[in-house]
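Descriptive analysis of the structure
Single-letter residue listing:
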Amino acid sequence: MNILFIMYDQLRFDYLSCAGHPHLKTPHFDRVAEMGVRFSNAYVQSPICGASRMCYYTGRYASSHGAQWNGFPLRVGELTLGDHLRKAGMDCWLLGKTHMKADAEGMERLGLAPDSTIGARQAECGFDAWARDDGLWGQGPDGYYDEKRSPYNEYLKSKGYDGENPWADYANAAVTDDQIASGWMFRNADKPANIREEDSETPWLTTQTIEFMEQAKGPWCAHVSFIKPHWPYIVPAPYHNMFGPDDVPPARRHDMEREDPHPVYGAYQSNKIAQAFHREEVRDKVIPAYMGLIKQCDDQLGRLLDHLEATDTLKDTMIVLTSDHGDYLGDHWMGEKDLFHEQSVKVPLIIYDPRNSADATRGTTCDALVESIDLAATFVDAAGDKVPDHIIEGRSLLPWLRAETPEWREYVISEYDYSATPQCVKLGLEPRDARLFMVFDGRYKMMHAEGGFRPMLFDLSEDPDEFVDLAKGDTHQAEIDRLYEMLARWGRRMSQRVTKSEDDIKAMRGNSGRKGILPFLYDGSEVNEELTVKYRGRARQNHTIKDTEI
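A brief look at the structure comes next. All of these numbers come straight from a predicted model, not from anything done at the bench. (Residues numbered from 1 in each chain as written. Predicted model: local features only at pLDDT ≥ 70, side-chain atom pairs only at ≥ 80, totals over all residues. Heavy atoms only, no water.)

1. Details of the overall build of the protein
Counted only if it meets this: Each helix is a run of DSSP H or I of at least 4 residues and each strand a run of E of at least 2, with the numbering of both proceeding from the N terminus. Between the two quantities, the radius of gyration covers C-alpha atoms and the globule rule is 2.2 Å times the number of residues to the power 0.38. Relative accessibility under 20% of the residue-type maximum defines a buried residue, over 50% an exposed one, and the middle range a partly exposed one, all with a 1.4 Å probe and only protein chains included. Any pair of residues with heavy atoms lying within 4.5 Å of one another is described as a contacting pair. Areas reported here follow the Shrake-Rupley algorithm with a probe of radius 1.4 Å; residue values treat only the protein chains shown as occluding. Charge counting follows a simple rule: Lys and Arg are positive, Asp and Glu are negative, and His as well as the terminal groups are ignored. Taken as the charge centre is NZ of Lys, CZ of Arg, CG of Asp or CD of Glu, depending on the residue.
Within the protein, the regular secondary structure consists of 20 helices and 19 strands. Taken against the 2.2 N^0.38 rule, which gives 24 Å for 550 residues, the C-alpha radius of gyration of the protein at 27 Å falls within 12% of a compact globule. The dimensions of the protein, computed from C-alpha atoms along their principal axes, are 115 × 60 × 55 Å. With 550 residues in all, the protein has 57% of them scored as buried. Taking as baseline every contact in the protein between residues at least 6 positions apart, the subset at least 24 positions apart corresponds to 71%. Approximately 24500 Å² of the protein is accessible, and the part contributed by carbon and sulfur atoms is 49%. In the protein, which carries 63 positive and 89 negative side-chain charges, the distance between the mean positions of the two groups comes to 5 Å.

Structural data, given as structure tokens:
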């Protein structure tokens, strides 16, 4: 079986018709949901691109792998999907974005050449790269945001789009009065991008994926990682005007959220992205474009599904649809992602397993508490190998696909290291203290903030919009204490003993005795005779006798 692991960047869990969006129709996402299982309570282990993706790829929590912010290198030697799946006989390929930063110092220390096979895999998060393109080719006075080669920019140049950076000039810009109307400016979000639709980013990566599948020899895992619907919020015709302000759901926010907010929350409410989304004219332009980007993603997913059906490979391909985090879009007086409200930390997750063992669950919804790190375990399990649970901290989802009810987790965890942000500076924190933790048990959600701050607490059963911070008072201390006990239990997990499994340790018990290490014996009768055979018998020489005594 092959695995088509598709990730959409910054796709909210509730912006799919199968998840109940009132205006946006996504028939191809719905099609996969009808073929498989939609997990309605899937949470990422960090609500920021790079850290979240490293959790997906390693199957480990952010504090376990350490790459907790964009641009923080994933240390050399950290095992990833590619390592685990190749061991199981499955190739592992990347098409699109990883947001991974290579540990260049670690590679140099170990003498790993970037152009060697192992060096290239270390630099590509364990994948073999078919077409890596992280998709943010911003360019300013100090150069490019991403200095890697852009295969998408090269494609655009080959199609006749001129200039050094057609990603910025055409794919993510419109035209107003013969002037570039950049997608970086929200006021341009309702204009059509100045590019032929078939040349825009999502169709380009879809074509790359089809070309990969046409030549691939299985079994393979292909991680297809689309940059959209991530900003810049601009989309080509005809998607630019499919939706309008009347299709924008009301912002889920309340004035009480701005009354004496948690200091970290307050700092984020006042940053520039949040301030922009406080303006209704921004939401009225950006959200229709965001919906258009998702509609384009859905149409291109349809291309992939049609190709699998036409080549009779759908029956041999597991399909996984998910995202690295959500997008506030003005909810909770916020923009972007960053904190732990549902709009940010909860993601879509749909899995189609073609095997007969999954027939009983097709078209169903599973409300188990799922973590993004579960996908690494699921893929290893699907490849037929034993999940190395001393390394991968997630759990396989295959039992849920088989209509089983496995023993499962009581809570989910997410972490956020905001040490590199202006909010850390504004709060006067040292980088080591700019850390947040979420623990959610399916009803109560608590955020703990290092640095001496109080927690935040929400009861999603009584307050599904997460407006009322119950930690402002003293009426829910028992729940806070209970969630802190869960967080402490998680903090005591075994996370760094990755070179020896539980089975390895059990198998090595007592082996030292069979290799002659026999301390603490009185006369040897305490152990089997075979263990002392090398230490018994007539002495062949006696060096305790002096020559004068002979």
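2. Remarks on the sheet that holds strand β3 (residues 42–43)
So the rule is basically this: Whether two strands pair comes down to DSSP finding at least two bridges between them.
Taken together, 3 strands build an open sheet; the order of strands is β12-β3-β15 and the sheet is mixed. Looking at the sheet topology across the chains shown, the edges are occupied by β12 (346–347) and β15 (370–371). Examined bridge by bridge, β3 and β12 share 2 bridges and lie antiparallel to one another. Each bridged residue has a counterpart across the sheet, and for A42 the counterpart in β12 is V347.

3. Some words on the packing of aromatic side chains
Both the distance between ring centres and the angle between the ring planes are used here to describe each pair of aromatic rings. Let me state the cut-off plainly: Here a pair means two rings of Phe, Tyr or Trp (six-membered ring of Trp) with centres within 6.5 Å. Their orientation is stacked below 30 degrees between planes, edge-to-face above 60, and tilted elsewhere. Whether a charge sits over a ring comes down to the Lys NZ or Arg CZ being within 6 Å of the ring centre and within 35 degrees of the ring normal.
Here the structure, examined in full by the defined rule, presents 27 aromatic pairs. Summarising the aromatic geometry, the rings of Y57 and F127 are spaced 5.2 Å apart at their centres and angled 90° between planes, so their arrangement reads as edge-to-face. Here Y57 is found in helix α2 (residues 49–58), whereas its partner F127 is found in the loop between α6 (117–123) and β5 (128–132), with 70 residues between them in sequence. Using a relative accessible area of 1% as the deciding quantity, one classes F127 as buried. Above the ring of F13, the side-chain terminus of K346 is found at 4.7 Å from the ring centroid. For R493, the ring lying beneath its charged end belongs to W490, and the centroid distance is 4.0 Å.

4. Section: the pattern of salt bridges
Quick note on the threshold: The salt bridge criterion pairs a side-chain nitrogen of Lys or Arg with a carboxyl oxygen of Asp or Glu, the two atoms within 4 Å.
By the definition in use, this model includes 44 salt bridges. Measuring nitrogen to oxygen at the nearest pair gives 3.4 Å for the salt bridge that ties R283 to E280. Of the two residues, R283 and E280 both sit in helix α12 (residues 280–310), 3 residues apart, roughly one turn of that helix. The residue R435 makes a salt bridge to E450 at a minimum N-O spacing of 3.6 Å. Taken together, the residues span a long stretch of sequence, with R435 in strand β17 (residues 435–440) and E450 in the loop between β18 (444–449) and β19 (456–459) at a distance of 15 residues. Among the residues examined, R435 registers a relative accessible area of 29% and is labelled partly exposed. E450 gets classed as partly exposed once you look at its relative accessible area, which sits at 24%. Each of D9, R53, K97 and D324 takes part in a single network of salt bridges with overlapping partners.

5. Considering the sheet that holds strand β13 (residues 349–352)
For clarity, the threshold we go by: Under this scheme, a helix contributes an axis fitted over its contacting stretch, all axes are lines through C-alpha atoms, and angles between N-to-C directions fall in the 0 to 180 degree range.
The sheet built from 8 strands is open, its strands ordered β5-β4-β10-β1-β11-β13-β2-β14 with mixed pairing. Each having just a single partner strand, β5 and β14 (364–366) make up the two edges of the open sheet. Taken pair by pair, the neighbouring strands of this sheet meet at an average axis angle of 15°, ignoring direction. Here strand β1 (residues 2–8) runs beside strand β11 (residues 317–323); their pairing, made up of 7 bridges, is parallel. Along β11, the bridge assignment pairs Y8 with S323. Across the sheet, helix α1 (residues 27–35) lies against β1, β2 (37–39), β11, β13 and β14, angled at about 55° from β13, the strand it touches most.

6. Some remarks on the packing of α1 against α12
Worth spelling out the cut-off: Here the angle decides the label: under 35 degrees means roughly parallel, over 145 means roughly antiparallel, 65 to 115 means roughly perpendicular, and every other value means oblique.
Here α1 crosses α12 at 50°, and the two axes come no closer than 7 Å. Looking at the two axes, α1 sits oblique to α12. Mapping the contact onto sequence places P27, H28, F29, R31 and V32 in α1 and K295, D298, D299, L301, G302, L305, D306 and E309 in α12.

7. Some words on the state of the cysteines
To keep it simple, the criterion reads: When two cysteine sulfur atoms lie within 2.5 Å, the pair is treated as a disulfide.
In this structure the tally under the stated criterion is 0 disulfides. In this structure C55 is not part of a disulfide, and its nearest cysteine sulfur, from C125, lies 11 Å away. Residue classification places C55 among the buried positions, given a relative accessible area of 0%. Of all cysteine sulfurs in the structure, the one in C18 sits closest to C297, which takes part in no disulfide; the separation is 14 Å.

8. Remarks on helix α9 (residues 201–215)
Structurally, the α-helix is built with 3.6 residues per turn, so residues lying three or four positions apart point the same way. What counts is decided by this rule: Helices are assigned an expected span. That span is 1.5 Å times one less than the residue count.
When the terminal C-alpha atoms of α9 are compared, their 22 Å separation across 15 residues agrees well with the 21 Å that a helix rising 1.5 Å per residue should span. Listing the buried residues of α9 in full gives E201, T202, P203, W204, L205, T206, Q208, T209, I210, F212 and M213.

9. Remarks on the pairing of strand β10 (residues 220–226)
Along β10, 7 of the 7 residues are buried, which leaves the element largely enclosed by surrounding structure. Alternating residues of β10 divide into W220, A222, V224 and F226 and C221, H223 and S225, and every residue in both groups is buried. Two elements, β1 and β10, share 6 bridges in a ladder whose sense is parallel. The residue bridging F5 from the neighbouring strand is H223, located in β10.

10. Details of the environment of Q10
The cut-off we apply is this: Identification of polar contacts relies on pairs of N or O atoms within 3.5 Å, with a donor-acceptor requirement for protein atoms, meaning one able to donate a hydrogen and the other able to accept it, and with residues adjacent in sequence counted only if both atoms are side-chain atoms.
For Q10, the position within the fold is in the loop between β1 and α1. With 217 residues separating them in the primary sequence, Q10 and I227 have C-alpha atoms 8.3 Å apart. In this structure, Q10 is in contact with P229, H230, W231, Y233, Y290, S323, D324, H325, G326, D327, E336 and K337, ignoring residues within four places of it in sequence. In terms of polar contacts, Q10 uses its side chain to reach the side chain of H230, at 3.5 Å.

11. Remarks on the environment of L293
Considering the arrangement of structural elements, one finds L293 in helix α12. Residue class for L293 comes out buried when judged on its relative accessible area of 1%. Residues L293 and W231 lie 62 residues apart in sequence; the distance between their C-alpha atoms is 9.6 Å. Aside from chain neighbours lying at most four places away, what touches L293 is K228, P229, H230, P232, Y233, I234 and V235.

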